[in-house]
Amino acid sequence: MLTLEDTLGGHPLDGGTLVFRLPPMTDAGYRWQWTRYGVYAPEIRVTLAAVPGDPQACEVTMTVDLRNGLSPNLWGYGIVSSGGAGFAGLIAGAIAKKALLLTGAAIAGPAVAVAGATGIALLMSAGAIYRWEVRKTSDELRAALAAIEGAMRALDIFGDNPPPPPPPTASGDGGAFLAIVS
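Since the structure is predicted, the reported quantities are computational estimates derived from the model, not experimental observations.

### Section: the sheet that holds strand β1 (residues 3-8)
- The strand order across the open sheet formed by 4 strands is β1-β2-β3-β4, and the pairing between neighbours is antiparallel. Sheet topology places β1 and β4 (54-63) at the edges, where each strand pairs with a single neighbour. Strand after strand, the sheet turns through a mean of 30° between neighbouring axes, direction not considered.
- Pairing of strand β2 (residues 17-21) with strand β3 (residues 43-51) involves 5 bridges; the strand directions are antiparallel. Residue pairing for β3: Phe20 is matched across the bridge by Ile44.

### Focus on the pattern of salt bridges
- Counted according to the given criterion, the structure contains 5 salt bridges.
- Across the pair Arg67 and Asp65 runs a salt bridge whose closest N-O atoms are separated by 2.8 Å.
- By relative accessible area, Asp65 is classed as partly exposed at 30%.
- A salt bridge links Asp139 to Arg142, with the nearest nitrogen and oxygen atoms 3.0 Å apart. Of the two residues, Asp139 and Arg142 are both situated in helix α5 (residues 126-158); the distance of 3 residues between them amounts to about one turn of the helix.

### Side note on a nonpolar patch on the surface
- On the surface, a nonpolar cluster with roughly 310 Å² of combined accessible area is contributed by Phe87, Ile91 and Ile95.
- With respect to the element layout, Ile95 can be found in helix α3 (residues 67-98).
- Residue Ile95 is classed as partly exposed on the basis of its relative accessible area, which comes to 49%.

### Looking at the confidence of the model for the protein
- Across the protein, the average pLDDT comes to 81, with 85% of residues at or above 70.
- Mean pLDDT across the elements of the protein ranges from a minimum in helix α1 (residues 25-28), with 70, to a maximum in β2, with 93.
- Across residues 173-182 the pLDDT falls below 50, and counting only partners more than four positions away or on other chains, this stretch makes 14 contacts in the model.

### Some details on the pairing of β2
- By the criterion of burial, β2 is predominantly enclosed, with 4 of the 5 residues buried.
- The pairing of β1 with β2 spans 5 bridges and is classified as antiparallel. Each residue of the ladder has a partner; that of Asp6, found in β2, is Val19.

### Concerning the nonpolar core
- Within the largest apolar cluster, 15 residues are counted, with the highest numbers of intra-cluster contacts made by Trp32, Ile44, Val46, Met62, Val64 and Leu141.
- Among the elements of the structure, β2, β3 and α5 are those that each provide at least two residues to this core.
- A per-element tally of this core places α5 first, with 4 residues.
- Once you skip the residues sitting within four places of it in the chain, Ile44 turns out to touch Leu2, Leu18, Val19, Phe20, Leu22, Trp32, Met62, Thr63, Val64 and Leu141.

Cut-offs applied
- Residue positions within a chain follow its written sequence, with the count starting from 1.
- Predicted model: local features are reported for residues with pLDDT of at least 70 only, side-chain atom pairs are reported and counted for 80 or more only, and whole-chain, interface and lining totals are derived from all residues.
- Here the side-chain values reflect all heavy atoms present in the structure, with hydrogen atoms and water set aside.
- If DSSP finds at least two bridges between two strands, the strands pair.
- Strands here mean DSSP runs of E at least two residues long; helices mean DSSP runs of H or I at least four residues long; both are numbered from the N terminus.
- Helix axes are fitted to C-alpha atoms over the stretch in contact, other axes to C-alpha atoms as well, and angles between N-to-C directions run from 0 to 180 degrees.
- Salt bridges are defined as contacts in which a side-chain nitrogen from Lys or Arg sits within 4 Å of a carboxyl oxygen from Asp or Glu.
- The classification of residues rests on relative accessible area computed with a 1.4 Å probe and restricted to protein chains. Under 20% of the type maximum is buried, over 50% is exposed, and intermediate values are partly exposed.
- Note that patches include only residues with greater than 30% relative accessible area and no salt bridge, and the join distances are 9 Å for like charges and 5 Å for nonpolar side chains (Val, Leu, Ile, Met, Phe, Trp, Tyr).
- Note on areas: Shrake-Rupley with a 1.4 Å probe; residue coverage comes only from the protein chains shown.
- The pLDDT score gives, residue by residue, the confidence of the prediction method on a 0 to 100 scale.
- Note on contacts: a residue pair qualifies if any of its non-hydrogen atoms lie within 4.5 Å across the two residues.
- Here the nonpolar core consists of buried residues drawn from Ala, Val, Leu, Ile, Met, Phe, Trp, Tyr and Cys, with membership extended through side-chain atoms lying within 4.5 Å.

Spelled out as structure tokens, the structure:
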């Protein structure tokens, strides 16, 4: 589902890098969801390196640049935190008015305290959420490497590449997927 966009630094077998554009979610189903929309990486860079002593083998390394996604993620976490804090403040103000029978400016104290605590708690969770998104991206890259390994093994065994997986269906099942664990 990746599209080769460019090569950087010469031929891939001579140390160059292949640059693949990630497809939009509508084209790939949810196959690259976390890489494209979790960490906002628009592309994957792939390098190939010969394995010393084995002319039939190479090492494939896939990388994504996480810098593009830092600002959108920080903005998103900030918006969610401030929205959650505002909502918690409204709820706290309503409870203070109804249950504690507070009026006027006295309602603001509990509302502001709850809003501030909620906002801080939501912001503190942003780091854990971002690490989770990066782990999901790593899982997608590992799945792609496993698919490459499976295709290479099939080529060695059967002498031909296996057919590509079927495109995602309307039900979103994504078709069949073969994972090889080595």
